[in-house]
Amino acid sequence: MSAKIISGNEVSQQLKDEMKEEVVKLKAQGLQPCLAVILVGEDPASRVYVSNKKKSCEYIGITSLESRLPAETTTEELLQVIDGYNKDKSVHGILCQLPLPKHIPETKILRSILPEKDVDCFHPFNVGLISIGEVRFLPCTPAGVIELIKRGGFETSGKDVVILGRSNIVGRPLSNMLDQRNMNATVTVCHTKTKNLKERCASADIIIAAMGVPEFLKGDMVKDGAVVIDVGINRVDAPGTEKGFKLVGDVAFDEVKEKAAAITPVPGGVGPMTIAMLMKNTLTAAKETMK
Ligand code: NAP
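The rules behind the values
Residues numbered from 1 in each chain as written. Predicted model: local features only at pLDDT ≥ 70, side-chain atom pairs only at ≥ 80, totals over all residues. Heavy atoms only, no water. Near = heavy atom within 4 Å. Polar contact = N/O pair within 3.5 Å; in protein donor to acceptor, adjacent residues only side chain to side chain. Areas by Shrake-Rupley, 256 points an atom, 1.4 Å probe, with all protein chains shown as cover. Helix = DSSP H or I, 4+ residues; strand = E, 2+ residues; numbered from the N terminus. Nonpolar A, V, L, I, M, F, W, Y, C, P; charged D, E, K, R; others polar. 1 Å grid on protein atoms, 1.4 Å probe; cavity = no way out; pocket = protein on both sides within 12 Å on 5 of 7 lines; lining within 4 Å. Points joined across faces, edges and corners; volume = space filled by probe spheres on them. Domains from an automatic or database assignment. Pairing = 2+ DSSP bridges. Contact = heavy atoms within 4.5 Å. Axes fitted to C-alpha atoms, helices over the stretch in contact; angles between N-to-C directions.

Inspection of the region around the ligand gives 20 residues, with Arg166, Ser167, Thr192, Ile233 and Thr274 positioned closest. At a separation of 2.4 Å, an oxygen atom of the ligand approaches a polar side-chain atom of Thr192. Taking Val231, its main chain carries an N or O atom lying 3.5 Å from an oxygen atom of the ligand. Coverage of the ligand by the protein amounts to 68% of the 920 Å² it exposes when considered alone. The element that contributes the greatest number of residues to the shell around the ligand is helix H10 (residues 270-288), accounting for 3 residues. Its residues assigned to classes, the shell around the ligand shows 9 nonpolar, 10 polar and 1 charged.

Pasting the structure below:
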């Protein structure tokens, strides 16, 4: 058996097309959704992410504002920029691109964004809402994972899900989301101290790998017919190629696709979904202002 490939490129495009239509309707009702993105410093990967977010906004019809600040920006200066966007009624979502320069405390910055404009869903208030099943926003990468499972045509209710990784960005919120009453999965979260990890994976109906370990999940760790979602993005050497490196996930794709019912590729799987879900949160934030 060879697995169905769940394409994040295709699903994210579908979502963006749906949102584009929705924005036309919102504009007709006098609502112009707007996302403000703040980039501090010159990190090359962050610049690419920010420019991709801008392109998605343009495609969907969301206004995108951008503050590009120098690496030596102080915490106070950054807080002032955020405060300006917090007070600006025409701005619905605020995103501060991570990582920040080392001298700026990330936690303090993320908590200064008003929860109702926190479209990355990193504010403890919004994280807490998920835990009690009163969702305002969903964090973008975990929401992308769940959308891929759903749009891939797979059910989570009653399924055993193993999540590899317990980070606050991926594994932890995913577990919070999947065992809520609307998803009804039974979740096991694994980390570096987990015993019998191989056996746990081999009995799972759905495995979500978010560890940052290249090709960790091998074919013999997956049961026949499992659904495998690969969040990992790892750069590994690829001598002789144009760039000298390639991107691989946390899943040994070629082996696992022979056993799984469905699998996401890297690149082109979870990656493109993250921005699509950010756009969705921005529309949610904008629509909230009409209530
Ligand atoms: P992270 O903060 O480094 O967390 C990694 C988690 O994996 C930790 O909980 C760690 O356990 C666990 N882990 C690492 N090695 C392990 C091992 N050998 N056995 C068992 N558990 C192990 O990573 P992250 O930020 O969640 O990111 C994970 C991966 O997803 C990375 O490749 C990242 O690039 C990718 N990512 C992709 C997207 C996207 O597609 N848009 C977004 C975010 C992240 P401990 O807690 O015990 O240390």
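What follows deals with the layout of surface pockets. One water molecule sets the probe size; rolling that probe over the atoms shows where empty space is left. When its volume is computed, the largest pocket comes out at roughly 1500 Å³. Lining the largest pocket are 48 residues, with Tyr49, Thr141, Ile233, Gly271 and Thr274 positioned closest to its centre. Residue contributions to the lining of the largest pocket peak at 8 residues, all from helix H2 (residues 44-60). Looking at the lining of the largest pocket residue by residue, the class counts come to 25 nonpolar, 14 polar and 9 charged. In terms of domain composition, the lining of the largest pocket takes at least three residues from each of domain 1 (30-114) and domain 2 (140-271). The calculated volume of the second largest pocket comes to roughly 370 Å³. For the second largest pocket, the lining is made up of 16 residues, of which Cys121, Phe122, Val127, Asn168 and Ile169 are closest to its centre.

Before going further, it helps to spend a moment on the sheet that holds strand S8 (residues 227-230). Pairing is parallel in the open sheet, where 6 strands are placed in the order S1-S11-S8-S7-S5-S6. The strands lining the two open edges of the sheet, one partner per strand, are strand S1 (4-5) and strand S6 (186-190). Pairing geometry for strand S5 (residues 160-164) and strand S7 (residues 206-209), over 4 bridges, is parallel. If you follow Leu164 over to S7, its bridge partner there is Ala209. The strands touched by helix H7 (residues 171-178) within the sheet are S5, S6 and S7, with S5 carrying the most contacts at an inclination of about 165°.

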